[in-house]
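# Breakdown of the fold
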Amino acid sequence: QEYTAIKMEVVEWSEAAAKEIDHKIGGRKIYLVAATLRPETMYGQTNCFVGTTLKYGIFAANEHEAYVCTYRAARNMAFQGIFEVRGQVHQVLELEGSQIVGTKIKAPLSVYPEVYVLPMDNVLATKGTGVVTSVPSDSPDDYATLMDLRKKAEYYKIDPKWAAPEPVSVLSTPTYGDMTAPALVKKLKIASQKDTKQLAEAKELAYKEGFYNGTMTIGEYKGEPVQDVKPKVRASLIEKGEAFAYAEPEGLVISRSA
Ligand code: ZZB
């Protein structure tokens, strides 16, 4: 799987993370790194998700930057020439997902330049970086989760204002209109992020329709087919230093005993 790793710079840590971090990071800029297959949808990011019970590390990439992701992802990065010393993982600190929730970050290309980190039940530790950027207009999982969080802010221990940014149309398709994910969530009668079976189906449908029949409704490439725009947005993010290529060896899971 060839992902685009999106670098979301930390603007302000949550209280819980700030306590842990104190002055341990040196002068490095810290980024949460989210693995996405849909770089063309980054205009519509409203927040980012972590799993509350997952373990994350802050890993020094070089003298200037450090990345927040799972240990597993950092190890993959180390062998892909993303860190200064090949094969070497330099973990500065470990954090629990729950501690990162509430952190304010910059989301490259988003109409909302600053967004918050929120909790999601279904973040897989075994995929991507464990950090998931949220595009509720086009990802049914993200939309269903955002609606859960808005309905039960207290239960999820979040400040309602963190979940306030509205979904933004990024692309339009003949079947689902300007907001693919909300349309599919309604059509498949998905009530919450717990409806994982229907969500998997919705994801598949959204991917296909968006990629093959989607036209951009926003940004520099507005009016152009999604298929053409995807590689252009990816290249531009990488060129600006706001993303990098991150590959996941398929079927080969590198894991660390818990
Ligand atoms: C932004 C985005 C916008 C995404 C969209 C999807 C969609 P796949 O195909 O199963 O590999 N993701 C990444 N890492 C994780 C994780 N650890 N746990 C749960 N979800 C994760 O899925 C890749 C997509 O799943 C990624 O692309 C990411 O969300 C999420 F409009 O990033 B995506 C129809 C999907 N639309």
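One can find the structure itself at the top, above this paragraph.
The notes below deal with the structure included here.

Reading the values: rules and limits
- Residues numbered from 1 in each chain as written.
- Predicted model: local features only at pLDDT ≥ 70, side-chain atom pairs only at ≥ 80, totals over all residues.
- Heavy atoms only, no water.
- Axes fitted to C-alpha atoms, helices over the stretch in contact; angles between N-to-C directions.
- Helix = DSSP H or I, 4+ residues; strand = E, 2+ residues; numbered from the N terminus.
- Parallel < 35°, antiparallel > 145°, perpendicular 65-115°, else oblique.
- Contact = heavy atoms within 4.5 Å.
- Core = buried A, V, L, I, M, F, W, Y, C linked by side-chain atoms within 4.5 Å.
- Buried < 20%, exposed > 50% of the residue type's maximum accessible area, 1.4 Å probe, protein only.
- Polar contact = N/O pair within 3.5 Å; in protein donor to acceptor, adjacent residues only side chain to side chain.
- Expected span 1.5 Å × (residues − 1).

This paragraph deals with the packing of helix α4 (residues 140-151) against helix α6 (residues 196-213). Where α4 contacts α6, the two axes come as close as 8 Å, and the packing angle between them is 130°. When the axis of α4 is compared with that of α6, the two are oblique. Between α4 and α6, the residues in contact are Pro 140, Asp 141 and Ala 144 and Leu 199, Ala 202, Lys 203 and Ala 206, respectively.

A word on the nonpolar core. Formed by 52 residues in total, the largest nonpolar core has its most connected members in Trp 13, Leu 32, Ile 58 and Ile 158. Filtering out sequence-adjacent residues up to four positions away, Trp 13 remains in contact with Ala 18, Ile 21, Ile 30, Ile 58, Val 68, Leu 95, Ile 100 and Thr 103. The next biggest cluster of nonpolar side chains, apart from the first, holds 17 residues, and it includes Ala 35, Tyr 67, Ile 82 and Phe 83.

Along the chain, Ser 137 turns up in the loop between β9 (131-134) and α4. A distance of 2.7 Å separates a polar atom in the side chain of Ser 137 from a polar atom in the side chain of Asp 138. With near-sequence residues (within four places) excluded, Ser 137 lies in contact with Pro 167, Val 168, Val 170, Met 179, Thr 180, Ala 181 and Pro 182.

Under the 1.5 Å per step criterion, the end-to-end length of α4 is 17 Å for twelve residues, consistent within 8% with the ideal 16 Å. Of all the residues in α4, the buried ones are Pro 140, Asp 141, Asp 142, Tyr 143, Ala 144, Thr 145, Leu 146, Asp 148 and Leu 149. Tucked inside the fold, the buried residues of α4 contact β3 (47-50), β8 (114-119), β9, α5 (180-187) and α6.

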